[in-house]
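Each chain is listed here by its residues.
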Amino acid sequence: MEQDKDYILPFEPSNWEKWKRSIMIFILSQNITKDTQKQAIILHRGGQELQDIFFSIPEHGNPPDGTTTFQHTINLLDQHFIPKVNPVFERHVFRKIRQEANESVGQFISKLRQQVAKCGFADADTEMCDQIIEHCTSDELRRKLLEKNNLSLSEIIEEAKRFELVVQQADTLGKNEKEMVNKVTKYEKKKHYKMEKLKTRRKACYRCGNENHFKNDPSCLAKDKKCGRCGLIGHFKAYCRTKLPANTKEQGKRFSQQTSRSNKINAVEEAKSDDEAIVFQISKKKIW
């Protein structure tokens, strides 16, 4: 039994009703039926403070006829801890309860149930129905409930919860659809960009890249030029579209490097020949 102690709320005089509910659930779960044993449990679990309060009440040992010891104990403690209710004020509080923006229908109804118990209404269900219809946050739900006349409280609660579920499902579907539309829009923009880029490229000469003429224009600068990549005549290396095998690519690369080296050697030899010619001319002049 000691192992179940943590399942009972700590006793606080200001929290009497919740603590009483907790102790009642514990007694029921332990299948305790003996009246004096139930009284002993509630006083023991309440601690010294609760015991002092109970035994200070003059009527604590004299239960009325037809009332059990345990029920008499509960009645006396209720009278001590539960303040007297002013029904007029409690009805005022009840009528000011409204569903908050982020509050579910179930939470709203729970607040109304707790407050209506203090109001002393002759027909609490009717008051609950009126309050739900008048102060729910959804205008659409309000119209639906007003269209269906003379609904019971249970029917209104069921209709409100069903409506709330449908709204949540519709919001989820709408969110998924919006995400899909965004993905499609992004794809279409990307596709449009590629098409525009392709159109721009088609407007230019693919031999030299000039945007002012096409491939067969006689003024194309690349029409008689040899490509430094594939070796073909008619286009610049930067605009070469020839597909070369792997070995051909390597050969083309070596060819370009050899051509570059040969050009450099020829330039040096030409410069050397020019220098020798100058020396030769100077040596032929007579020096007086």
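Residues numbered from 1 in each chain as written. Predicted model: local features only at pLDDT ≥ 70, side-chain atom pairs only at ≥ 80, totals over all residues. Heavy atoms only, no water.

Scanning the protein chain for helices and strands turns up nine helices and zero strands. Overall, the protein chain shows an N-to-C arrangement of helices and strands of α-α-α-α-α-α-α-α-α. Per-residue burial over the protein chain gives 25% buried out of 288 residues. When contacts within the protein chain are restricted to residue pairs at least 6 apart in sequence, long-range pairs at least 24 apart make up 43% of them. Here the protein chain has roughly 21900 Å² of accessible surface; of this, 52% comes from carbon and sulfur atoms. (Helix = DSSP H or I, 4+ residues; strand = E, 2+ residues; numbered from the N terminus. Buried < 20%, exposed > 50% of the residue type's maximum accessible area, 1.4 Å probe, protein only. Contact = heavy atoms within 4.5 Å. Areas by Shrake-Rupley, 256 points an atom, 1.4 Å probe, with all protein chains shown as cover.)

According to the stated counting rule, one finds seven salt bridges in the structure shown. Its salt-bridge partner being lysine 20, residue aspartate 78 comes within 3.0 Å of it at the nearest N-O pair. With aspartate 78 in helix α3 (residues 69-81) and lysine 20 in helix α1 (residues 16-29), the pair connects residues that are 58 residues apart, well separated along the chain. Grouping residues by exposure puts aspartate 78 and lysine 20 together as buried. In this structure, arginine 142 engages aspartate 139 in a salt bridge whose closest nitrogen and oxygen atoms are separated by 2.6 Å. (Salt bridge = Lys/Arg side-chain N within 4 Å of Asp/Glu carboxyl O.)

Below, the discussion takes up the side chain of glutamine 99. Along the chain, glutamine 99 turns up in the loop between α4 (87-95) and α5 (105-116). Polar side-chain contacts of glutamine 99 include one of 3.0 Å to the backbone nitrogen of threonine 137. Residues contacting glutamine 99, with those up to four places away along its chain left out, are Ser104, Val105, Phe108, His135, Cys136 and Thr137. (Polar contact = N/O pair within 3.5 Å; in protein donor to acceptor, adjacent residues only side chain to side chain.)

A word on the packing of aromatic side chains. Enumeration according to the criterion identifies six aromatic pairs in this entry. On the numbers, 5.8 Å between centres and 70 degrees between planes, the contact of phenylalanine 11 with phenylalanine 81 is edge-to-face. With phenylalanine 11 in the segment before α1 and phenylalanine 81 in helix α3, this pair connects stretches of sequence that are 70 residues apart. Phenylalanine 81 carries the same exposure label as phenylalanine 11, and that label is buried. Residues phenylalanine 54 and phenylalanine 55 carry aromatic rings whose centres are separated by 5.2 Å and whose planes lie at 70 degrees to one another, so their mutual orientation is edge-to-face. Among the aromatic residues, ring-to-ring pairing joins Phe11, Trp16, Trp19 and Phe81 into one connected group. Between the NZ or CZ atom of arginine 45 and the centre of the ring of phenylalanine 26, over which it lies, the distance is 4.7 Å. (Phe/Tyr/Trp six-rings, centres within 6.5 Å; stacked < 30°, edge-to-face > 60°. Lys NZ or Arg CZ within 6 Å of the ring centre and 35° of its normal.)

Next up on the list: the side chain of glutamine 115. In this fold, glutamine 115 is placed in helix α5. Under the relative-accessibility criterion, glutamine 115 is labelled buried at 8%. A polar side-chain atom of glutamine 115 sits 2.6 Å from a polar atom in the side chain of glutamate 90. The residues touching glutamine 115, leaving out its near neighbours within four places in the chain, are Glu90, Val93, Phe94 and Ile97.

Glancing now at the nonpolar core. Core analysis: the largest hydrophobic core is formed by 21 residues, its most contacted members being Phe94, Leu112, Met128 and Ile132. Elements that contribute at least two residues to this core include exactly α5, α6 (124-135), α7 (139-147) and α8 (153-202). Setting aside its immediate chain neighbours within four residues, leucine 112 contacts Phe94, Ile97, Met128, Gln131 and Ile132. Core analysis: the next-biggest nonpolar cluster, separate from the first, contains 20 residues, Ile41, Leu43, Leu50 and Ile53 among them. (Core = buried A, V, L, I, M, F, W, Y, C linked by side-chain atoms within 4.5 Å.)

Right, let's get into the environment of leucine 141. Assignment of secondary structure puts leucine 141 in helix α7. For the pair leucine 141 and phenylalanine 163, spaced 22 residues apart in sequence, the C-alpha separation works out to 6.9 Å.

Since its relative accessible area comes to 17%, aspartate 78 is described here as buried. Between the alpha carbons of aspartate 78 and lysine 20 there is a distance of 9.4 Å; along the sequence they are 58 residues apart. In this structure, aspartate 78 is in contact with Trp16 and Lys20, ignoring residues within four places of it in sequence. Here the side chain of aspartate 78 touches lysine 20 through a polar contact of 3.0 Å, side chain to side chain.

Along the chain, cysteine 119 turns up in the loop between α5 and α6. Sequence spacing of cysteine 119 and valine 93 is 26 residues, and the spatial spacing of their C-alpha atoms is 9.0 Å.

Across the protein chain, the average pLDDT comes to 80, with 75% of residues at 70 or higher. Overall, residues 1-5 carries pLDDT values under 50, and its contacts beyond four positions in sequence, including any with other chains, amount to nine contacts. Within the model, the stretch residues 277-288 combines pLDDT values under 50 with zero contacts to residues more than four positions away or in other chains. (pLDDT = per-residue confidence, 0-100.)

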